[in-house]
Amino acid sequence: MLLEALADVRVRDLNIKLLLAGEFYGDPAPYLALIKKHRLEESIYMHTDFIPNQEVGWYFSAVDCVVLPYRSATQSGITQVAYHFDLPMIVSNVGAYQSWYKMVM
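(A) Structural detail: the pattern of salt bridges. One pass over the full model with this rule turns up one salt bridge. Of the charged contacts in the structure, one is a salt bridge between Arg10 and Asp8, with a shortest N-O distance of 2.7 Å.

Right under this line is the structure:
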């Protein structure tokens, strides 16, 4: 969802940069194909290796917000770390985020 949104001309014109950080838990090929299809290579910084605990803060300190566009999800430590760094989050209304979404709305 996020890659498709970045490809939308209304978003592309905003010159937004995406930091894609952390390991892929599945096959990265579909995501890499979307990036290539929409020519998003210049808009995305990718670090898709495991990120050790002592380096996590660097990534959260480098961004303006955290986006969690999951179609299905369980509890994620990303949310708690984003809270720690006082970062706004854009989340989908699924999994553990359904209860969070209802709580803040």
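On we go.
(B) Seen up close, the packing of aromatic side chains. All told, the structure shown has two aromatic pairs when counted by the stated rule. For the pair Phe24 and Tyr31, a centre-to-centre distance of 5.8 Å together with 20° between the ring planes defines the contact as stacked. Among the residues examined, Phe24 registers a relative accessible area of 25% and is labelled partly exposed.

(C) Expanded view of the nonpolar core. Core analysis: the largest hydrophobic core is formed by seven residues, namely Phe60, Val66, Leu68, Ala82, Leu87, Met89 and Val91. Among the elements of the structure, strand E3 (66-68) and strand E4 (89-91) are those that each provide at least two residues to this core. Core analysis: the next-biggest nonpolar cluster, separate from the first, contains six residues, Leu3, Leu6, Leu18 and Ile44 among them.

Each value, and the rule that gives it
Residues numbered from 1 in each chain as written. Predicted model: local features only at pLDDT ≥ 70, side-chain atom pairs only at ≥ 80, totals over all residues. Heavy atoms only, no water. Salt bridge = Lys/Arg side-chain N within 4 Å of Asp/Glu carboxyl O. Phe/Tyr/Trp six-rings, centres within 6.5 Å; stacked < 30°, edge-to-face > 60°. Buried < 20%, exposed > 50% of the residue type's maximum accessible area, 1.4 Å probe, protein only. Core = buried A, V, L, I, M, F, W, Y, C linked by side-chain atoms within 4.5 Å. Helix = DSSP H or I, 4+ residues; strand = E, 2+ residues; numbered from the N terminus.

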